[in-house]
Amino acid sequence: EACLREARQIFRMKSGGDKMKAKKMAFQFLTKLLGVTDESAPYTSSLMESERPVDNVRMDCDDSIHLDSQMAHDQMNWVRKIAKQWCHAWSFVRGFHDIVQKGN
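All values derive from a computational prediction rather than experimental measurement.

Caption draft 1: Seen up close, the nonpolar core. With 12 residues, the main nonpolar core is built from Ala2, Leu4, Ala7, Phe11, Ala22, Ala26, Phe29, Leu30, Leu33, Met71, Trp78 and Ile82. Secondary-structure elements contributing two or more residues to this core are α1 (2-14), α2 (19-34) and α5 (76-103). Looking at this core, the element that brings in the most residues is α2, giving five residues. Once residues lying within four places of it in the same chain are set aside, the contact partners of Ala7 are Ala26, Leu30 and Trp78.

Caption draft 2: Structural view of the packing of α1 against α5. The N-to-C vectors of α1 and α5 enclose an angle of 135 degrees; their axes lie 10 Å apart at closest approach. If you check the angle between α1 and α5, you find them oblique. Here α1 runs over α5; the crossing is right-handed. Contacts between α1 and α5 involve Ala2, Cys3, Arg5, Glu6, Ala7 and Ile10 from the first element and Trp78, Lys81, Ile82 and Trp86 from the second.

Caption draft 3: Structural context of the environment of Arg8. Mapped onto the secondary structure, Arg8 falls in helix α1. Separated by 49 residues in sequence, Arg8 and Val57 have C-alpha atoms that sit 28 Å apart. In this view, Arg8 contacts Ala22, Lys23 and Ala26; residues no more than four positions away in its chain are not counted.

Caption draft 4: Region of the structure containing α1. Over its 13 residues, α1 extends 19 Å from the first C-alpha to the last, a length consistent with the 18 Å expected when each residue adds 1.5 Å. Turning to α1, the residues buried within the fold contact α2 and α5. Gly16 lies just past α1 and shows a positive phi near 70 degrees.

Criteria and thresholds
Residues numbered from 1 in each chain as written. Predicted model: local features only at pLDDT ≥ 70, side-chain atom pairs only at ≥ 80, totals over all residues. Heavy atoms only, no water. Core = buried A, V, L, I, M, F, W, Y, C linked by side-chain atoms within 4.5 Å. Buried < 20%, exposed > 50% of the residue type's maximum accessible area, 1.4 Å probe, protein only. Helix = DSSP H or I, 4+ residues; strand = E, 2+ residues; numbered from the N terminus. Contact = heavy atoms within 4.5 Å. Axes fitted to C-alpha atoms, helices over the stretch in contact; angles between N-to-C directions. Parallel < 35°, antiparallel > 145°, perpendicular 65-115°, else oblique. Left-handed = near helix turned anticlockwise from the far one by under 90°. Expected span 1.5 Å × (residues − 1).

Below, the structure written as structure tokens:
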């Protein structure tokens, strides 16, 4: 999500300010970078279907990674910048969770 938001900002400039075009360009860029295909992408059920149990959803997930190595190399600084922001957040959440668990 963070990468998509950042990519939309970058592509908004390249799309002449057209938000929908920027969103499409960002989506195409990230799916190529991450190697996401129609087969590996998650999908939603119709509104009339009840949600499946989380454990079943996790079992069906395709967690294999097929990075486009050339794109990853070209975009390394960009991805590193975004990942660094999230590492700080996750570190805080993990520490806070540990404190809450000890209190219970």
